[in-house]
Amino acid sequence: MSRTISSTVHPIQRAMAAANPSAWWDGIVTAVSGAEVTIALLDGATLRLRVVGPPAAIAENEPVAYHPVAELLSARRVTTTAQSL
């Protein structure tokens, strides 16, 4: 998946994601409630995130990728900041 990282993402987050490209976790959005997103990861785990960056128009049943080290959530080729709950 090609990822365009939002210009509002902190440069340190960009550097961390670039330094750890294999750290992305893939999943499917199972629920969206305001700034909170629930993701079913492909390994069977469930992850709850709070989107704190610009909204990425995330919808249920959409494929996404999360970088836990850099706290980045990627959806529809746009990446924003998200923190684990």
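Not measured: the values here are computed from a predicted model. (Residues numbered from 1 in each chain as written. Predicted model: local features only at pLDDT ≥ 70, side-chain atom pairs only at ≥ 80, totals over all residues. Heavy atoms only, no water.)

Observations regarding the overall build of the chain
- For the chain, the helix and strand inventory stands at one helix and seven strands.
- Going from N to C terminus, the chain has its helices and strands arranged as β-α-β-β-β-β-β-β.
- For the chain, the proportion of its 85 residues judged to be buried stands at 36%.
- Of all intrachain contacts in the chain linking residues separated by at least 6 positions in sequence, the fraction that spans at least 24 positions is 54%.
- For the chain, the accessible area works out to roughly 4700 Å², and carbon and sulfur atoms hold 55% of it. (Helix = DSSP H or I, 4+ residues; strand = E, 2+ residues; numbered from the N terminus. Buried < 20%, exposed > 50% of the residue type's maximum accessible area, 1.4 Å probe, protein only. Contact = heavy atoms within 4.5 Å. Areas by Shrake-Rupley, 256 points an atom, 1.4 Å probe, with all protein chains shown as cover.)

Notes on the packing of aromatic side chains
- On inspection of all chains with the given rule, the structure shows one aromatic pair.
- A ring pair is formed by W25 and Y66, whose centres lie 6.2 Å apart and whose planes are at 65°; its orientation type is edge-to-face. Taken as a pair, W25 in strand β2 (residues 25-33) and Y66 in strand β5 (residues 63-67) lie far apart in primary sequence, 41 residues in all.
- On the accessibility criterion, Y66 (3% relative accessible area) is buried. (Phe/Tyr/Trp six-rings, centres within 6.5 Å; stacked < 30°, edge-to-face > 60°.)

Observations regarding the pattern of salt bridges
- Scanning the model with the defined rule gives two salt bridges in all.
- Across the pair R48 and E36 runs a salt bridge, and its minimum N-O distance is 3.0 Å. With a gap of 12 residues between them, R48 in strand β4 (residues 46-51) and E36 in strand β3 (residues 36-41) connect regions that are remote in the sequence. (Salt bridge = Lys/Arg side-chain N within 4 Å of Asp/Glu carboxyl O.)

Let's talk about the pairing of β4
- Only one face of β4 is covered, namely the face carrying L47, L49 and V51; the face carrying T46, R48 and R50 is uncovered.
- Alignment of β3 against β4, held across five bridges, turns out to be antiparallel. Among the inter-strand pairings, A40 is bridged to a residue of β4, identified as T46.
- Connecting β3 to the antiparallel partner β4 that follows it, the hairpin turn spans four residues, and G44 within it adopts a positive phi of roughly 100°.
- Here β4 runs beside strand β7 (residues 78-84); their pairing, made up of three bridges, is antiparallel. Opposite L49, over in β7, you have S84 as the bridge partner. (Pairing = 2+ DSSP bridges.)

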